[in-house]
Amino acid sequence: MDQKHDHANQILSLLENNESINSLQISQTTGVNHQELVGYLLQLEAANYIITEGLKKDQLVLTEEGNTILNSQSGEYEIYQKVPEGGIQMVDLQKQFGIEQAPKQKQEQGEKKEKQAEDPKKKLFDLGFGNAKKMGYIKMDKGIISKVANDLPDKIKQELQQFNEIKLGSPQAKLLIERKLASISTIKYFEVKKGVKYSPKFREQFAALTTEQLLNGEWKDCDYKSINLNAEGEKISMGNLHPLLKVRKQFSQILIGLGFEEMATNQFVESSFWNFDALFQPQKHPARDAHDTFFCSDPELSEEVDTQLRDKVKSMHQTGGVGSIGYQYEWSHEEARKNILRTHTTAVSSKMLYRIAQQYKEKGYFPKKYFSIDKVFRNETLDATHLAEFHQIEGVVIDKNASLGQLMGIIREFFRQIGINKLWFKPTYNPYTEPSMEIYGYHPILKKKVEIGNSGVFRPEMLAPLGIPEDVNVIAWGLGLERPTMIYYDIRDIRTMVGPEVKVETVRSNAFCVFESK
């Protein structure tokens, strides 16, 4: 601490009779290393004793080769000194530098081969020899190398001895840079001025008021560090919700607010029976092909369902009922038992409807509204808008008075609460709903209609085998979770939201999801 005070006082005393002084001058005067000095300057500035301004300038500095010549001699001068007064042949001169000539046979072999890497000693010699001739140290006549004159000085070394006087941009500087004896370096330093609390003497600033200082009265003569009330606290490392989870939470709250109850959806592996057959989807439907669905190999088949339910579903597929002729094909029990990764959460809805029908037998009719939000899996080609696994949001209303108009009203209210008012409905075909409607919404970024969901009234052929009474209707609708999330967070490629390309920092910095109803 004493050494720090001494250096601080040295800096402050240099400012006493000067309006400003730069850190390079301070370093030269005090003998303190410039990098170490910067630490003292920052401490004094934090205590408001001084004000600093960062500056930089270019300056000429010696390279490693330049320093070697300054402490010894240049290569050309070394060659000059090795030349005797009577002259010398090139071969003999090279030997003095440890360069041996290759035998004639090897030279002939070398002419037939590719050129080998040049000997470093030979390269340095050739460079020095050329410079010695250029600077007038030596001359060559009829194969004999001789000195131009005796007792010539080492001109390059003389230049380097005057290095501190050479100005950047001068001919001497350009010559040294060309010879790679010097280079331009950018030096960063500070201009130092007096601060609001400047004093020629440094007084230690305490970080906090202590009990001892209060009791003995020392606090009256002490200086204390300023408290920065705007300083941010240390960032706490903690978990962060993924954008999909933020949007999912908002959707859940909206649906709960509309009176829906969430269904349990924690079963990704489902039997084909609940995913397809119970929904009155024929076994030859293209969606049941391996090109669209992921089939499980172990276990390949599911457990048996209730035999009465199985037989009712089989009969509806083969011969029909409730005014329908069915699909008129031979229904396969084994095909229905195949395990798959569920392709939609409607598989969960079909199970829930079966359980509700069992409760009707005991308690009688009661209306119900359910929703689910969870993963589904399809054998899709991956691109900017499609993944092999994604989230589906589904709503189901069980009511004697449920109608297509009520379905459209629920859909409009849900989308209104997430800020989408422009909706369109288009008739479509689904195996398990009739009538069926595609839902379109206006995309504010693409500035056009985009499909955002599907909906319809569950067919009697689906409801009757499950045990739902004929006078009870079931309306349903569904949409993906990923597309609204991409629109809300302006994500253009779904692969940057889910999968290995996701950046953790992006997940941490994403804003809260709060939809504004319109």
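As the structure is a prediction and not an experimental result, all values here were calculated from the model.

Per the UniProt record, the feature "domain: Aminoacyl-transfer RNA synthetases class-II family profile" (unreviewed entry) sits at residues 247-500. Split by type, residues 247-500 is 30% helix and 26% strand. Its first and last C-alpha atoms lie 21 Å apart.

Now for the packing of helix H5 (residues 75-82) against helix H8 (residues 120-134). The geometry of H5 relative to H8 is characterised by a closest axis approach of 8 Å and an angle of 80° between their N-to-C directions. One way to sum up the angle between H5 and H8 is to call them roughly perpendicular. Residues Gly75, Glu76 and Ile79 of H5 touch H8, and the partners they reach there are Phe125, Gly128, Phe129, Asn131 and Ala132. Counted by class, the contact of H5 with H8 contains four nonpolar, three polar and one charged residues.

What follows covers helix H17 (residues 404-417). For H17, built from 14 residues, the straight-helix expectation of 20 Å at 1.5 Å per residue is met to within 8% by its first-to-last C-alpha distance of 20 Å. Of the residues making up H17, those classed as buried are Leu407, Ile410, Ile411, Phe414 and Phe415. Within H17, the buried residues cover an arc of 125° as seen down the axis, which keeps them to one side. Contacts made by the buried residues of H17 are with helix H12 (243-257), strand S13 (389-399), strand S14 (423-430), strand S15 (433-443), strand S16 (448-458) and strand S17 (473-480). Note on H17: the residue one or two positions beyond its end, Gly419, has a positive phi of about 90°.

Right, let's get into the pattern of salt bridges. Going through the model one piece at a time under the given rule, you end up with 16 salt bridges. Arg492 is paired through a salt bridge with Asp490; the nearest N and O atoms lie 2.7 Å apart. Its relative accessible area of 60% is what places Arg492 among the exposed residues. As a salt-bridge pair, Arg495 and Asp493 come within 2.9 Å of each other at their nearest N and O atoms. Arg495 sits in the partly exposed class, given a relative accessible area of 30%. Taken together, the salt bridges that share partners define one network made up of Glu304, Arg310, Asp311 and Arg337.

The rules behind these values
Residues numbered from 1 in each chain as written. Predicted model: local features only at pLDDT ≥ 70, side-chain atom pairs only at ≥ 80, totals over all residues. Heavy atoms only, no water. UniProt positions renumbered as here; feature names shortened; annotations may be inferred. Helix = DSSP H or I, 4+ residues; strand = E, 2+ residues; numbered from the N terminus. Axes fitted to C-alpha atoms, helices over the stretch in contact; angles between N-to-C directions. Parallel < 35°, antiparallel > 145°, perpendicular 65-115°, else oblique. Contact = heavy atoms within 4.5 Å. Nonpolar A, V, L, I, M, F, W, Y, C, P; charged D, E, K, R; others polar. Expected span 1.5 Å × (residues − 1). Buried < 20%, exposed > 50% of the residue type's maximum accessible area, 1.4 Å probe, protein only. Arc of directions from axis to C-beta. Salt bridge = Lys/Arg side-chain N within 4 Å of Asp/Glu carboxyl O.

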